[in-house]
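The chain contents come next:
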Amino acid sequence: MISTCLDVNEKGHLTIGGADTVDLAAAYGTPLYVMDETAIREACRSYKASIDEFYGGKGLPLYASKAFCCKEIYRIMAEEGMGADVVSGGELYTALAAGFPADKIFFHGNNKTEAELKLALEKNVGTIVADNMTELHTLSRLAAEMGRRVRVFLRIKPGIDAHTHNFIRTGQIDSKFGFALETGEAEEAARLAHSLSGLELVGLHCHIGSQIFELDPFCLAAEVMLRFMARLQKEGIQIKELNLGGGFGIRYKEEEHPQPYHAFMEKVAGTVAATCAAEKLETPYIYIEPGRSIVGPAGITLYTVGAVKDIPGVRTYVSIDGGMTDNPRYALYQAGYEVITANKAGKPRNFTVTVAGKCCESGDLIQENTKIQYCEPGDILAVLATGAYNYTMSSNYNRICRPPVVMVKDGEARVIVKGETYEDLCRNDM
Ligand SMILES: *Cc1c(COP(=O)(O)O)cnc(C)c1O
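Residues numbered from 1 in each chain as written. Predicted model: local features only at pLDDT ≥ 70, side-chain atom pairs only at ≥ 80, totals over all residues. Heavy atoms only, no water.

1. Digging into the overall build of the chain
Applicable threshold: Starting at the N terminus, helices and strands are each numbered in turn, a helix being any DSSP run of H or I of at least four residues and a strand any DSSP run of E of at least two. We compute the radius of gyration over the C-alpha atoms and compare it with the globule rule, which gives 2.2 Å times the number of residues raised to the power 0.38. Between buried and exposed lies partly exposed: a residue is buried under 20% and exposed over 50% of the maximum accessible area for its type, with that area taken using a 1.4 Å probe on protein chains only. The contact criterion used is simple: two residues touch if any of their non-hydrogen atoms lie within 4.5 Å. Only the protein chains shown count as covering a residue, and every accessible area follows the Shrake-Rupley method with a 1.4 Å probe. Neither His nor the chain ends is counted toward charge; the positive residues are Lys and Arg and the negative residues Asp and Glu. In plain terms, the charge of a residue is placed at NZ if it is Lys, CZ if Arg, CG if Asp and CD if Glu.
The helix and strand inventory of the chain stands at 12 helices and 21 strands. Its C-alpha radius of gyration of 23 Å places the chain within 12% of the 22 Å reference for a compact globule of 430 residues. Each of the three principal axes of the chain carries a C-alpha extent, and together these read 70 × 55 × 40 Å. Counting over 430 residues, the chain shows a buried share of 57%. Restricting the contact set of the chain to residue pairs at least 6 apart, pairs at least 24 apart contribute 70%. Counting only carbon and sulfur atoms, one obtains 50% of the accessible surface of the chain, whose full area is about 17600 Å². Charge centroids of the chain, computed over 44 positive and 55 negative side chains, lie 3 Å from each other.

2. Observations concerning the packing of aromatic side chains
Spelled out, the test is: Any two of the Phe, Tyr and Trp rings considered here, Trp counted by its six-membered ring, make a pair once their centres fall within 6.5 Å; the pair's planes then place it as stacked at under 30 degrees, edge-to-face at over 60, or tilted in between. Over a ring means this: the NZ of a Lys or the CZ of an Arg is within 6 Å of the ring centre and within 35 degrees of the ring normal.
Tallying each qualifying case throughout the model produces 16 aromatic pairs. Between Phe106 and Phe153, the ring centres sit 5.1 Å apart and the planes meet at 75 degrees, which makes this aromatic pair edge-to-face. In this pair, Phe106 is assigned in strand 7 (residues 105-107) and Phe153 in strand 9 (residues 150-157), connecting sequence segments 47 residues apart. The class for Phe153 is buried, based on a relative accessible area of 0%. For the ring pair Phe153 and Tyr287, a centre distance of 5.9 Å and an interplane angle of 75 degrees mean the geometry is edge-to-face. Of the two residues, Phe153 is situated in strand 9 and Tyr287 in strand 13 (residues 285-288); the sequence distance between them amounts to 134 residues. Taken together, the aromatic side chains of Tyr47, Phe218, Phe248, Tyr261 and Phe264 make up a single cluster linked through ring pairs. The lysine or arginine in question, Lys112, covers the ring of Phe107, its NZ or CZ lying 5.9 Å from the ring centre.

3. Description of empty space enclosed by the protein
Note the threshold: Only protein atoms enter the calculation, which uses a 1 Å grid: trapped sets of points that fit a 1.4 Å probe without letting it out are cavities, open sets showing protein on both sides within 12 Å along at least five of seven lines are pockets, and any residue with an atom within 4 Å of a point is a lining residue. Grid points are joined across faces, edges and corners, and a volume is the space filled by probe spheres set on the points. Lys, Arg, Asp and Glu make up the charged group, whereas Ala, Val, Leu, Ile, Met, Phe, Trp, Tyr, Cys and Pro make up the nonpolar group; the residues left over, Gly among them, are polar.
A complete count under the given rule lists three cavities of 30 Å³ or more for this structure. Size it by volume and the largest cavity reaches roughly 110 Å³. Forming the boundary of the largest cavity are 13 residues, of which Phe218, Leu244, Phe248, Val268 and Ile288 lie nearest the centre. Of all elements in the fold, only helix 8 (216-234) and helix 9 (261-279) reach the threshold of two or more residues within the lining of the largest cavity. When residues in the lining of the largest cavity are grouped by element, the largest group, three residues, is from helix 9. Taken together, the residues of the lining of the largest cavity sort by class into 11 nonpolar, two polar and no charged.

4. So, the layout of surface pockets
Empty space within the second largest pocket amounts to approximately 440 Å³. Around the second largest pocket sit 19 residues that line it, and Thr4, Ala43, Tyr261, Ser293 and Pro297 are the ones nearest its centre. Counting residues per element, the lining of the second largest pocket draws most heavily on helix 2 (residues 37-55), which supplies four residues. Residue classes in the lining of the second largest pocket are distributed as 11 nonpolar, six polar and two charged.

5. As for the pattern of salt bridges
Note that side chains of opposite charge can pair when their charged atoms are close. Applied cut-off: The working definition used for a salt bridge is a side-chain nitrogen of Lys or Arg within 4 Å of a carboxyl oxygen of Asp or Glu.
Evaluation of the coordinates by the stated rule reveals 26 salt bridges. In this structure, Arg399 and Asp429 form a salt bridge, with 3.1 Å as the shortest nitrogen-oxygen distance. Here Arg399 is found in the loop between strand 19 (380-384) and strand 20 (405-409), whereas its partner Asp429 is found in the segment after helix 12 (422-426), with 30 residues between them in sequence. Classification of Asp429 as partly exposed rests on a relative accessible area of 42%. Residues Arg402 and Glu420 are paired through a salt bridge, measuring 3.0 Å at the closest nitrogen-oxygen approach. On the criterion of sequence distance, the pair formed by Arg402 in the loop between strand 19 and strand 20 and Glu420 in the loop between strand 21 (412-417) and helix 12 is long-range, its members being 18 residues apart. Sharing partners across several salt bridges, the network here consists of Glu37, Arg41, Arg45, Glu72, Arg75, Glu79, Glu80, Lys409 and Arg414.

6. Here we look at the sheet that holds strand 1 (residues 6-8)
Note the following rule: Paired strands, in this sense, are two strands between which DSSP finds at least two bridges.
Strand order in the open sheet formed by three strands is 1-2-3, with antiparallel pairing between adjacent strands. Because the sheet does not close on itself, it has two edges, and the strands there are strand 1 and strand 3 (19-20). Of the strand pairs in this sheet, strand 1 and strand 2 (residues 14-16) are connected by three bridges, and their pairing is antiparallel. Each bridged residue has a counterpart across the sheet, and for Leu6 the counterpart in strand 2 is Ile16.

7. Thoughts on the environment of Gly12
Relative to the assigned elements, Gly12 resides in the loop between strand 1 and strand 2. Its relative accessible area of 16% is what places Gly12 among the buried residues. In the structure, Gly12 is positioned 333 residues away from Ala345 in sequence and 5.5 Å away in space, judged by C-alpha atoms. When sequence neighbours within four positions are dropped, the list of residues in contact with Gly12 reads Ala342, Asn343, Lys344, Ala345 and Gly346.

8. Examining helix 5 (residues 114-122)
Put simply, the rule reads: As used here, the arc is the angular range of directions from the helix axis to the C-beta atoms.
Turning to helix 5, its buried residues are Glu116, Leu117, Ala120 and Leu121. Seen from one end, helix 5 has its buried residues packed into an arc of 135 degrees, which puts them on one side. Looking at the buried residues of helix 5, the elements they touch are helix 4 (89-97), strand 7, strand 8 (127-130), helix 6 (133-146) and strand 9. Two residues or fewer past helix 5, Asn124 is found with a positive phi of approximately 60 degrees.

9. Notes on the packing of helix 6 against helix 7 (residues 185-195)
Rules: The convention used is that axes are lines fitted to C-alpha atoms, helices contributing only their stretch in contact, and that angles between N-to-C directions extend from 0 to 180 degrees. In what follows, roughly perpendicular refers to angles from 65 to 115 degrees, roughly parallel to angles under 35, roughly antiparallel to angles over 145, and oblique to any angle outside these ranges.
Orientation of helix 6 relative to helix 7, taken along the N-to-C sense of each, is 5 degrees, at an axis distance of 10 Å. One way to sum up the angle between helix 6 and helix 7 is to call them roughly parallel. Here Met133, Leu136 and His137 of helix 6 lie close against helix 7, whose contacting residues are Glu185, Glu188, Ala189, Leu192 and Ala193. Classifying every residue of the contact of helix 6 with helix 7 by side-chain character gives five nonpolar, one polar and two charged.

Next up, the structure:
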């Protein structure tokens, strides 16, 4: 199985975190998001252990909460001693509502509104990652108005091509995110942030993309950022902290073999140490921001098969009771997934099908021409590794209710996000 939390039991049913997925589907209905708490906590601990080992504890992993956001995940992250990054007032509100410590929150975004920045300062959010000159000026003004000092990072475009999908590549110069190094903009921003009153420029940030398998882009980005830090130091601008972003790839398809995160961390830490030595820099305090790799492999989505439509010589459509409303990733960018017939998980996967959702869109597909166990109406399908960027990207298109999210721990399940009802759909209608 592609995730360690998945298995097949003596009944031939798929299990997650020791819970039988067929029983979960019967108890909570489908579609259903299921996540394994143990896998999530283990991922956090592995990142923390790597920081302890390779940076002597001088660093902190921040959970990138856009991957999966609800109150319970912030409670788990707080218990694991993680920091968190948020990218909107709504994520910030959720984190604070869950009691997540404000000082361990990093606030990102290329166009934070003034209301969002105000909220962040009011609630004593630890760090604002500034994206552009306008934001630096706004922050300085708000700091004066509110009598605050703001810990500021600058988001830098290190110009790294991370060989990932174009839509989620953000490190290069043609990106809406951050200050460009090549043009001198980043240096100008550092001078501005250093000189503006109310701002304390403590760090630099970069995030080179997502679902990246190679190690080299991360190492190169770290090197570029540290060289820039050394240049600023010569100008008298001391930067003490470095946030290297997230983007570590996970296994969606069986043929994918991502490096263990420990190996990522070790290699990047080696580059950090070597570059600091060469540039005569003190090693900065290091942050990383994994999102997908913490929650992605820990989640699956369960569906019930409705119609099975064989078009001879063309393909077989298996229609499910969810689709692009709970998982838009295939429709958006042809994301790969493994699909399993959960109640026949012990059988061979020799049935080639296209899994289609129930929306009025031909493009509402979850996977095309993929091999699953033979299935018929009423069977339960499991789409694997859906813990990241599924629930958070869900919508009410076609007035379809969002499914509940169930968290499993040692075989026991609990609802952490209720499913929506028809009344929920009409709640704001006048
Ligand atoms: C999305 C994002 C992350 C997390 O990326 P993953 O690929 O989920 O690890 C980290 N930092 C920033 C700034 C992001 O926008």
